[in-house]
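These are the residues of each chain, in order.
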Amino acid sequence: MGLTIFRREFVVRRFGKEEIVDGYGTAPYKDTVEVLNVQPLSADELQALPEGERKTKRMKAFSDFLFNTADQSTGCRGDWLFYRGNMDPVGHWYECVSSLGWDHTMLAHCRSEFVQVADSESYGLEPPKQKRKRRGVSKKNERR
């Protein structure tokens, strides 16, 4: 289990197998809340990308959760992460393009990389409904 000090809750959308219905691809999905440490890619990580891929917004995440990446052979999309925060105040969906488990140290964790989903693909999707857990605040003392 990795360090949890810098982690917070994010909505993750896991898709099932895609099917064609009336000429359109559709896939069932399930939203879950996972605890992640999400960060921007470093300058060195961005520099290592092919030039055409540097303009698309990317992030990396550290967690105990192993994400699914897109798999053409099974027809499944990669997991999506909804991020709204300092790096993206408006909030967008990001698709997992890689997810690797690192278990060679005491701080075993998964490192995943995400790329922003195109507006045309996420058009009309509302931000997910997420109830945030507030640490140290009981219902009785919560401000309204």
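Rules behind the numbers
- Residues numbered from 1 in each chain as written.
- Predicted model: local features only at pLDDT ≥ 70, side-chain atom pairs only at ≥ 80, totals over all residues.
- Heavy atoms only, no water.
- Helix = DSSP H or I, 4+ residues; strand = E, 2+ residues; numbered from the N terminus.
- Buried < 20%, exposed > 50% of the residue type's maximum accessible area, 1.4 Å probe, protein only.
- Contact = heavy atoms within 4.5 Å.
- Areas by Shrake-Rupley, 256 points an atom, 1.4 Å probe, with all protein chains shown as cover.
- Core = buried A, V, L, I, M, F, W, Y, C linked by side-chain atoms within 4.5 Å.
- Salt bridge = Lys/Arg side-chain N within 4 Å of Asp/Glu carboxyl O.
- Pairing = 2+ DSSP bridges.
- Axes fitted to C-alpha atoms, helices over the stretch in contact; angles between N-to-C directions.
- Lys, Arg positive; Asp, Glu negative; His and termini not counted.
- Phe/Tyr/Trp six-rings, centres within 6.5 Å; stacked < 30°, edge-to-face > 60°.

Peer 1: Which parts of the structure should I look at to understand the overall build of the protein?
Peer 2: On a plain count of helices and strands, the protein comes out with two helices and eight strands. For the protein, buried positions account for 31% of its 144 residues. Here the contacts in the protein between residues at least 6 apart in sequence split such that 60% fall between residues at least 24 apart. Carbon and sulfur atoms make up 52% of the accessible area of the protein, which amounts to about 10300 Å² in all.

Peer 1: Sorry if this is basic, but what is going on with the nonpolar core here?
Peer 2: When a protein is soluble and globular, its nonpolar side chains tend to lie buried together. F10, L36, V38, F67, L81, Y83 and F114 are the most contacted members of the largest nonpolar core, which has 13 residues in total. Listed by contribution, the elements that provide at least two residues to this core are β1 (8–15), β4 (29–40), β5 (58–63), β6 (80–85) and β7 (88–102). Setting aside its immediate chain neighbours within four residues, F67 contacts V12, R14, L36, D79, C96, S99, S112 and F114. Membership of the second largest hydrophobic core comes to seven residues, among which are A27, W80, F82 and V117.

Peer 1: What should I look at first to understand the pattern of salt bridges in this one?
Peer 2: Using the criterion set out here, one finds six salt bridges in the structure. Two residues, R58 and E113, come together in a salt bridge whose shortest N-O distance is 3.0 Å. Highlighted residues: R58 in strand β5 and E113 in strand β8 (residues 109–116), separated in sequence by 55 residues. The class of R58 is buried, set by a relative accessible area of 13%. Given the relative accessible area of 13%, E113 is considered buried. A salt bridge links E113 to R111; its shortest N-O distance comes to 3.8 Å. Via salt bridges that share partners, E18, R77 and E121 belong to a single interconnected network.

Peer 1: Got a minute to help me understand the sheet that holds β7 in this structure?
Peer 2: Sheet strands line up and pair through hydrogen bonds in the backbone, either parallel or antiparallel. Here we have six strands rolled up into a closed barrel, ordered β1-β4-β5-β8-β7-β6, and antiparallel in their pairing. Strand-to-strand twist across the sheet, computed as the mean angle between neighbouring axes with direction ignored, equals 45 degrees. As paired strands, β4 and β5 are joined by four bridges and run antiparallel to one another. Residue pairing across strands places N37 opposite F62, the latter belonging to β5.

Peer 1: Could you clarify how one ought to interpret the side chain of E34 in this entry?
Peer 2: Checked against the element boundaries, E34 lands in strand β4. Although E34 lies buried, it forms no salt bridge, and the closest oppositely charged side chain, R14, sits 7.3 Å away as judged by the N-O distance. Setting aside chain neighbours within four positions, we find E34 in contact with R8, E9, F10, V12 and F65.

Peer 1: Is there a simple way to explain the environment of C96 in this structure?
Peer 2: With respect to the secondary-structure elements, C96 resides in strand β7. In this structure the C-alpha to C-alpha distance between C96 and Q116, which are 20 residues apart in sequence, comes to 9.0 Å. Not counting residues within four places of it along the chain, the set of residues in contact with C96 comprises F67, N68, T69, A70, G78, D79, S112, E113 and F114.

Peer 1: Is there a simple way to explain the packing of aromatic side chains in this structure?
Peer 2: Where two aromatic rings form a pair, the distance of their centres and the angle of their planes describe that pair. Under the criterion given, the structure shown has seven aromatic pairs. Judged by centre distance (4.9 Å) and plane angle (90 degrees), the ring pair of F67 and F114 falls under edge-to-face. Linking F67 in the loop between β5 and β6 with F114 in strand β8, this pair joins segments that are 47 residues apart in sequence. Neither residue differs from the other here; F67 and F114 are each classed as buried. Aromatic side chains F82 and W93 sit 5.3 Å apart centroid to centroid with 70 degrees between the ring planes, which places their arrangement in the edge-to-face category. Placement of F82 in strand β6 and of W93 in strand β7 is noted, with a sequence separation of 11 residues between them.

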